[in-house]
Every structure is written in C-alpha cells, then in structure tokens.
Amino acid sequence: MAESAKASTSAVDINLEGLSITEGIRDAPVCIIVLGMAGSGKTTFTRSLIEHSSQGGFNPYVVNLDPACREVPYAAHIDIRDTVNYKEVMKQYQLGPNGGIVTALNMFTTKMAKFAELVRRAGERGHKWCIIDTPGQIEVFTWSASGNIITEGLATMFPTIIVYVMDVVRSACPTTFMSNMLYACSILYKTRLPFLVALNKIDLKDCSFVQEWMTDFEAYQDALEQEQSFVNNLTRTMSLTLDTFYENLTTCGVSAKTGVGFAQLIKHLLNLVVEYDKDYRPVYEKMRTERLAEQQQPPASNTDEAGSVIQLGLDLKDPTPNQNDNSVFLMAPGLVPQNVEQNDTEDMEDDGKTDLEEQNFQTFVHNRMSSQQNKRDKLIQEQQQSKTT
Ligand SMILES: Nc1nc2c(ncn2[C@@H]2O[C@H](COP(=O)(O)OP(=O)(O)OP(=O)(O)O)[C@@H](O)[C@H]2O)c(=O)[nH]1
C-alpha cells in the first residue's frame, strides 16, 4: 500500500520510456494472474500463494484488481481501490454493481502504462513474482476489454501465467465440473498463456475424482450416467471435445485455507515459466513486433476515408415539416424529397405507385375509422336501450 501511495505522488516522475515495447520481454517479475468463479477462493488462494512464495524466496509483488472487495487479507503493493472508488463510480454514472466494477476496471486500465512501469520497477528491485488477484465476477475480467488489455499488456512485457482457481466441492457434480472446464478452456484459448488449474478446497474434498475425470473418459461417463439431467447428452458430447484441452492442462490440488499442496503448486509454476519461455515468448515477441510496426505506420491521410464528424449527444432537432405532406409518413418530413424531376419517367412511375399506395392506405384508414365509429355508436345505443328497459 505504502508503495502504491508513493507511486501516485511521484506519478510525474515515472519514466514511461522504460516501458518501451522495443525492449522485449523481461525475465522478471513473472506475472501470475489469479482467476476463478465467484467464491472459488481466489483471494484466500492469493494470500496463501504470497506466503508460500515469500518463503520460497520469490519476494512477490502483490496487486489487487478487485474494486468491490471490502478487505483483502494481504498487503497489496498496488490496490485498484486506491485509484478508483467503485461506489462513487456507481453513483456518478448511475450504474449497478457489475457496471460499476467494469467501469472501475476500465478507469484503472487507462493507467496501464503506469501500472506496468511499477511492475517493471518491482522486478528491478528484486521482486521475482507479481501476483494479481482479480474481481469476484470472473467475466468482468475475462470478457472485458480492460481485462484483455491488462493480460495482453503484461504478457508482452513479462512472463505471464494464468492460474484458474476451481472449487472442488462445487465441481463434484459432473455437469458443474464440465461448465467450469469449459470456462477454463475458453480462457486458455483466449489468452494463449501457460495455464494451471488449482483445484482448491481439498481440505473439504479430495480432488482425485477431478483428475480421474480428466484422464479417464469412461470414469467421467460413469459419473454422468448416475446423474439424471437433461444436459447429460450435451455434456457427454462436450467431454469428448475437451479431451485435447485436458492434455495441455496442468492441475494441482491445494487448500488455500490450510496451505496443503502449495509446495507442489510452486514447482508447477516454475515449470510453466520454462514453458512460457519455450512456447509462448516467441508468440508474444511476434505480437510485440507487430504492434511496434503498427505504431510506426503513419495515420491514414486519405480524406475520403477519414469520414465526417458527427455531433455526439442527444442534440436532435425536429425535421422541417413537409408542406405537401398529409401527416401520414414513414420518412422524417425533412428527408422527403421536395423537388422531383418531372421528366424522369422512372420517378414518375414510382410516383404513380406511391400515389396509389397512398390512396389505398387512406381508404384503409377511412374504412377502419368508420367501422370503429359504427361500433362505438352501436355500443352507445345498446347502453341506452338497457337503461330504458
Ligand atoms: N475450507 C476451505 N475454504 C476455503 C478455501 N479457500 C477459500 N475458502 C473459503 O471460501 C470462501 C470464498 O473465498 P474467497 O477467497 O473470498 O473467494 P473469492 O473467489 O476471492 O471470492 P470473490 O472474490 O468474492 O468471488 C471463503 O469463505 C473462504 O474462507 C479452502 O481451501 N478451504
């Protein structure tokens, strides 16, 4: 916290040149982005990972990106709540809780360059890992532009790993397990980063069943057989598709509460750093050079393509009324052409058609109105008759 406060006071001193993407991906810190469904245990996991990685000598730099959490059980070097007041955002922009969180994250992302600069400096000061806790609602981060910018931004500057925290207790139901896995799969393919699934809460339930389901297709089918659900067929089909995904996946059972499994988890993370260097770094290096090339291209100067500026806001004016109109039109009066070339035969044909349509429409309206009037008269008559009898 102290460091983040210092960072905001010395914001002007920050040398953004140090962030130049021409320099390539650094070796430190390794960014570990912690994702997971609401309540899966991300925050508790982050706290445990901080403790265990500190003991392992990785001197973690800690970032909290959840603007809506009340308290975090760890000391964060950067806390989004120091930058954006999520409740104030909700009030000012009249948003609901989710809109407030997304907007707060968007606002934070406008400071991405400064954020990345602080991470870089942390690496220079000897922080080997940077652990990033994300908002409770996973889609706020994974399916938002800002989540994308943060993830890609970090991955083009530092080795980056995704840790997907999965609640094993909640995943005991095969269909829930499948939903969780589909979500994990979509994040893996979207981020294209080394990916670890932390099977959390093993103090409550052993996670071997998950690992069995992921490696033994028949065991998963057996579990599905026992569950009478209308989505079974769909789940069965999808489980076939996910087989390839499981092959690329590292899993590790942990208890964020008791700390069991973290020694193993750290070993896995170190292997994933090697994997990043081998397989992912070249991809992100390529992406970085492409960005660089894009930046160096001059902006489009073709005036035809530049478009014309339109005024934003609800500054709409009533169109000028058409003098010849008959008050029934589907086109704004101001847009109805006033001067029709008399010698244009095609237009004249069209005009003939339009006139006929107009006439038909007027007849229809007239008939409709008179039938309505007849009905009304009949009703009045009936009412009067019933009064007299
Ligand atoms: N028994 C047990 N409980 C856990 C474990 N990890 C987390 N919890 C509990 O699960 C609940 C949710 O944990 P959090 O760390 O707040 O989960 P989160 O994903 O950060 O939650 P949101 O950010 O609010 O979505 C809390 O009551 C934790 O104490 C664990 O390993 N074992």
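Residues numbered from 1 in each chain as written. Predicted model: local features only at pLDDT ≥ 70, side-chain atom pairs only at ≥ 80, totals over all residues. Heavy atoms only, no water.

A. Geometry of the overall build of the protein chain. When helices and strands are tallied, the protein chain shows 15 helices and 7 strands. Within the protein chain, the proportion of its 389 residues that are buried is 41%. Accessible surface, the protein chain as shown: approximately 22800 Å² in total, 53% of it carbon and sulfur. (Helix = DSSP H or I, 4+ residues; strand = E, 2+ residues; numbered from the N terminus. Buried < 20%, exposed > 50% of the residue type's maximum accessible area, 1.4 Å probe, protein only. Areas by Shrake-Rupley, 256 points an atom, 1.4 Å probe, with all protein chains shown as cover.)

B. Just the site of the ligand, in detail. Taken together, 17 residues lie near the ligand, and Gly39, Thr43, Thr44, Asp203 and Ala256 sit nearest. Asp203 places a side-chain nitrogen or oxygen 2.8 Å from a nitrogen atom of the ligand. Contacts to the ligand include Ser255, whose side-chain N or O atom sits 3.3 Å from an oxygen atom. The leading source of residues in the shell around the ligand is helix H2 (residues 42–55), at 3 residues. (Near = heavy atom within 4 Å. Polar contact = N/O pair within 3.5 Å; in protein donor to acceptor, adjacent residues only side chain to side chain.)

C. The arrangement of the side chain of Asp79 in detail. Within the secondary structure layout, Asp79 lies in strand S3 (residues 78–79). Separated by 3.0 Å, the side chains of Asp79 and Asn64 make a polar contact.

D. Main features of the pairing of strand S4 (residues 129–133). Across the 5 residues that make up S4, a large majority, 5, are buried. The side-chain alternation of S4 yields two buried faces, one formed by Trp129, Ile131 and Asp133 and the other by Cys130 and Ile132. Where strand S1 (residues 30–36) meets S4, 5 bridges bridge the pair, whose relative direction is parallel. Its bridge partner being in S4, Val34 is matched across the sheet by Asp133. Two strands pair when backbone bridges link them, and strand S2 (residues 61–64) and S4 are joined in this way by 4 bridges, in the parallel orientation. The partner of Val63 across the bridge, within S4, is Ile132. (Pairing = 2+ DSSP bridges.)

E. Spotlight on the pattern of salt bridges. All chains considered together, the criterion is met by 11 salt bridges. Residue Arg121 is joined to Glu117 by a salt bridge in which the shortest nitrogen-to-oxygen separation is 3.3 Å. Residue Arg121 and its partner Glu117 are located together in helix H6 (residues 112–124), separated by 4 residues, close to a single helical turn. Put simply, Lys286 and Glu290 hold a salt bridge, and the shortest N to O gap is 3.7 Å. Taken together, the residues span about one helical turn, with Lys286 and Glu290 both in helix H13 (residues 262–296) at a distance of 4 residues. Judged by its relative accessible area of 52%, Lys286 is exposed. Here the residues in one salt-bridge network are Glu117, Arg120, Arg121 and Glu124, joined through shared partners. (Salt bridge = Lys/Arg side-chain N within 4 Å of Asp/Glu carboxyl O.)

F. Spotlight on helix H10 (residues 208–215). Restricting attention to buried positions, one finds in H10 the residues Phe209, Val210, Trp213 and Met214. Viewed along the axis of H10, the buried residues span an arc of 135 degrees, placing them on a single side of the element. (Arc of directions from axis to C-beta.)

G. Fine view of empty space enclosed by the protein. Within this structure, the stated rule accounts for 2 cavities of 30 Å³ or more. If you add up the space inside the largest cavity, you get close to 100 Å³. Leu35, Phe141, Thr142, Gly147, Asn148, Thr151, Glu152, Ile162, Ile187, Lys190, Thr191 and Tyr284 together form the lining of the largest cavity. Residue assignment for the lining of the largest cavity shows that the elements contributing at least two residues are helix H7 (138–142), helix H8 (145–155) and helix H9 (174–191). When grouped by side-chain class, the residues that make up the lining of the largest cavity number 5 nonpolar, 5 polar and 2 charged. (1 Å grid on protein atoms, 1.4 Å probe; cavity = no way out; pocket = protein on both sides within 12 Å on 5 of 7 lines; lining within 4 Å. Points joined across faces, edges and corners; volume = space filled by probe spheres on them. Nonpolar A, V, L, I, M, F, W, Y, C, P; charged D, E, K, R; others polar.)

H. Quick look at the packing of H10 against helix H11 (residues 217–225). Between H10 and H11, the shortest axis-to-axis distance is 5 Å and the interhelical angle comes to 115 degrees. The angle between the axes of H10 and H11 places the two elements in the roughly perpendicular class. Remark: the crossing between H10 and H11 carries left-handed chirality. Between H10 and H11, the contacting residues are Glu212, Trp213 and Thr215 on the first element and Phe217, Ala219, Tyr220 and Ala223 on the second. Of the residues in the contact of H10 with H11, the class split is 5 nonpolar, 1 polar and 1 charged. (Axes fitted to C-alpha atoms, helices over the stretch in contact; angles between N-to-C directions. Parallel < 35°, antiparallel > 145°, perpendicular 65-115°, else oblique. Left-handed = near helix turned anticlockwise from the far one by under 90°. Contact = heavy atoms within 4.5 Å.)

I. Up close: the sheet that holds S2. Spatially, 7 strands are ordered S3-S2-S4-S1-S5-S6-S7 in an open sheet, and the strand pairing comes out parallel. Edge positions in the sheet fall to S3 and strand S7 (250–253), since each has one partner strand and no second. Here H9 sits on the sheet and contacts S1, strand S5 (160–167) and strand S6 (195–200); the angle it forms with S5, its principal contact strand, is near 170 degrees.

J. Here's a closer look at the side chain of His127. With respect to the helices, strands and loops of the structure, His127 is situated in the loop between H6 and S4. The exposure class of His127 is buried, given its relative accessible area of 9%. At a separation of 2.7 Å, a polar atom in the side chain of His127 contacts the main-chain carbonyl oxygen of Asn59. The residues touching His127, leaving out its near neighbours within four places in the chain, are Ala28, Pro29, Phe58, Asn59, Pro60, Tyr61, His77 and Ala122.

K. View of the packing of aromatic side chains. Per the stated rule, a full pass over the model turns up 9 aromatic pairs. When the centroid spacing of 5.1 Å and the interplanar angle of 70 degrees are considered together, the rings of Phe177 and Trp213 count as edge-to-face. Taken together, the positions of Phe177 in helix H9 and Trp213 in helix H10 put the pair 36 residues apart, joining distant regions of the chain. Accessibility expressed as a relative area gives 10% for Trp213, which makes it buried. For the pair Phe177 and Tyr220, a centre-to-centre distance of 5.6 Å together with 50 degrees between the ring planes defines the contact as tilted. Of this pair, Phe177 sits in helix H9 while Tyr220 sits in helix H11, placing them 43 residues apart in sequence. Taking relative accessible area as the criterion, Tyr220 reaches 2% and is therefore assigned buried. Cation over ring: Lys205 sits above Phe209, and NZ or CZ is 4.9 Å from the ring centre. (Phe/Tyr/Trp six-rings, centres within 6.5 Å; stacked < 30°, edge-to-face > 60°. Lys NZ or Arg CZ within 6 Å of the ring centre and 35° of its normal.)

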